[in-house]
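Now for the letters of each chain:
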Amino acid sequence: MNRATCWTQARRRPDEDAFVVAQIDGQPLQPNSLTHEWVRLLAKTDLPRIRYHDLRHSHASQMLAAGVHPKVASERLGHSRIGITIDLYQHTMPGMGACAAELVDAAVRKAVKPKA
């Protein structure tokens with residue numbers, strides 16, 4: 001499955017008023033409910049103790065490091081502008097400048113390639 005198909009399918013919800021995370025009756029969760037459950041679950045494991053909100057940052061960093069387009073990451077994170085995502089997470093894309101330089105170099109070489 002390609003990234004575009006994956007993103008399209010992931011965005012489907014039963015209806016536009018449905019919550020992504022909800023109680024069993026469809027009502028919104030209290031914000032602390034997730035935090036309390038997260039702490040309880042972590043206590044049963046050997047995982048490092050991180051805040052529940054840190055999962056959001058980890059998710060964003062992993063998406064961008066894996067090559068997910070920043071616009072897609074921005075939409076998933078609910079940022080109003082792609083610039084917010086880039087400003088916050090550009091450190092997770094260390095090869096971005098080198099990759100851009102390689103693409104420009106390849107384009108220039110192609111453009112000036114002597115004709116046989």
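Anything mentioned here points back to the structure above.
This write-up is about the structure you can find in this document. Each residue is numbered by its place in its chain's sequence as written, counting from 1. Confidence filtering applies because this is a predicted model: local features only for residues at pLDDT of at least 70, side-chain atom pairs given and counted only at 80 or more, and all residues used for totals across whole chains, interfaces and linings. Side-chain numbers come from the whole structure's heavy atoms, not from hydrogens or water.

**As for the packing of helix α3 (residues 54-65) against helix α4 (residues 70-77)**
Here is step 1 of the chain: One can describe the packing of α3 onto α4 by two numbers: an axis separation of 10 Å at closest approach and a directional angle of 165°. Here α4 runs roughly antiparallel to α3, going by the angle between their axes. Crossing geometry of α3 relative to α4 is assigned as right-handed. Note on element contacts: α4 touches α3 through P70, A73, R76 and L77, opposite R56, H59, A60, M63 and L64.
Here is step 2 of the chain: Amino acids outside the nonpolar list (Ala, Val, Leu, Ile, Met, Phe, Trp, Tyr, Cys, Pro) and the charged list (Asp, Glu, Lys, Arg) are all regarded as polar, and Gly is one of them. Each residue belonging to the contact of α3 with α4 can be placed in one class, and the counts come to six nonpolar, one polar and two charged. Only C-alpha atoms enter the line fits that serve as axes; for helices the fit covers just the stretch in contact. Angles between N-to-C directions range over 0 to 180 degrees. For helices the rule is a DSSP run of H or I covering at least 4 residues; for strands it is a run of E covering at least 2, with both sets numbered from the N terminus onward. For classification purposes, angles smaller than 35 degrees are called roughly parallel, those larger than 145 roughly antiparallel, those between 65 and 115 roughly perpendicular, and all remaining angles oblique. By definition, any crossing whose near helix is turned counterclockwise from its far helix by less than a right angle is left-handed, and any crossing with a clockwise turn is right-handed. Between two residues, a contact is recorded if the distance between any of their heavy atoms is within 4.5 Å.

**Comments concerning the side chain of H79**
Here is step 1 of the chain: Relative to the elements of secondary structure, H79 occurs in the loop between α4 and α5 (82-89).
Here is step 2 of the chain: The cut-offs for exposure are 20% and 50% of the maximum accessible area for each residue type, with area from a 1.4 Å probe on protein chains only; residues under the lower value are buried, those over the upper are exposed, and the others partly exposed. Here H79 falls in the buried class, since its relative accessible area comes to 17%.
Here is step 3 of the chain: Residues within four places of H79 in sequence aside, it is in contact with R56, S74, I84, T85, L88 and Y89.

**Points about the side chain of T85**
Here is step 1 of the chain: Examined against the element boundaries, T85 turns out to sit in helix α5.
Here is step 2 of the chain: For T85, a relative accessible area of 1% corresponds to the buried category.
Here is step 3 of the chain: Counted as a polar contact is a pair of N or O atoms within 3.5 Å, where, for protein atoms, one must be capable of donating a hydrogen and the other of accepting one, and residues adjacent in sequence contribute only when both atoms are in side chains. At a separation of 3.2 Å, a polar atom in the side chain of T85 contacts the side chain of S74.
Here is step 4 of the chain: With residues near it in sequence (within four places) discarded, T85 still touches L64, P70, A73, S74, L77, H79 and Q90.

**A closer look at the packing of aromatic side chains**
To describe a pair of aromatic rings, one takes the distance between the centres and the angle between the planes.
Here is step 1 of the chain: Here is the rule: rings of Phe, Tyr and Trp (six-membered ring for Trp) pair when centre to centre is within 6.5 Å. Planes less than 30 degrees apart are stacked, more than 60 are edge-to-face, and the remainder are tilted. Per the stated rule, a full pass over the model turns up one aromatic pair.
Here is step 2 of the chain: Relative to Y52, the ring of W38 lies with its centre 5.8 Å away and its plane at 70°, an arrangement referred to as edge-to-face. With W38 in helix α2 (residues 31-43) and Y52 in the loop between α2 and α3, this pair connects stretches of sequence that are 14 residues apart.
Here is step 3 of the chain: For Y52, a relative accessible area of 33% corresponds to the partly exposed category.

**Focus: the nonpolar core**
Here is step 1 of the chain: What we call a nonpolar core is a set of buried Ala, Val, Leu, Ile, Met, Phe, Trp, Tyr and Cys residues that are connected through their side-chain atoms within 4.5 Å. Residues A60, M63, L64, A73, L77, Y89 and M93 constitute the largest nonpolar core, which totals seven residues.
Here is step 2 of the chain: Sorting the residues of this core by element identifies α3 and α4 as the ones contributing at least two each.
Here is step 3 of the chain: Setting aside residues up to four positions removed in sequence, L64 forms contacts with P70, A73, T85, Y89, T92 and M93.

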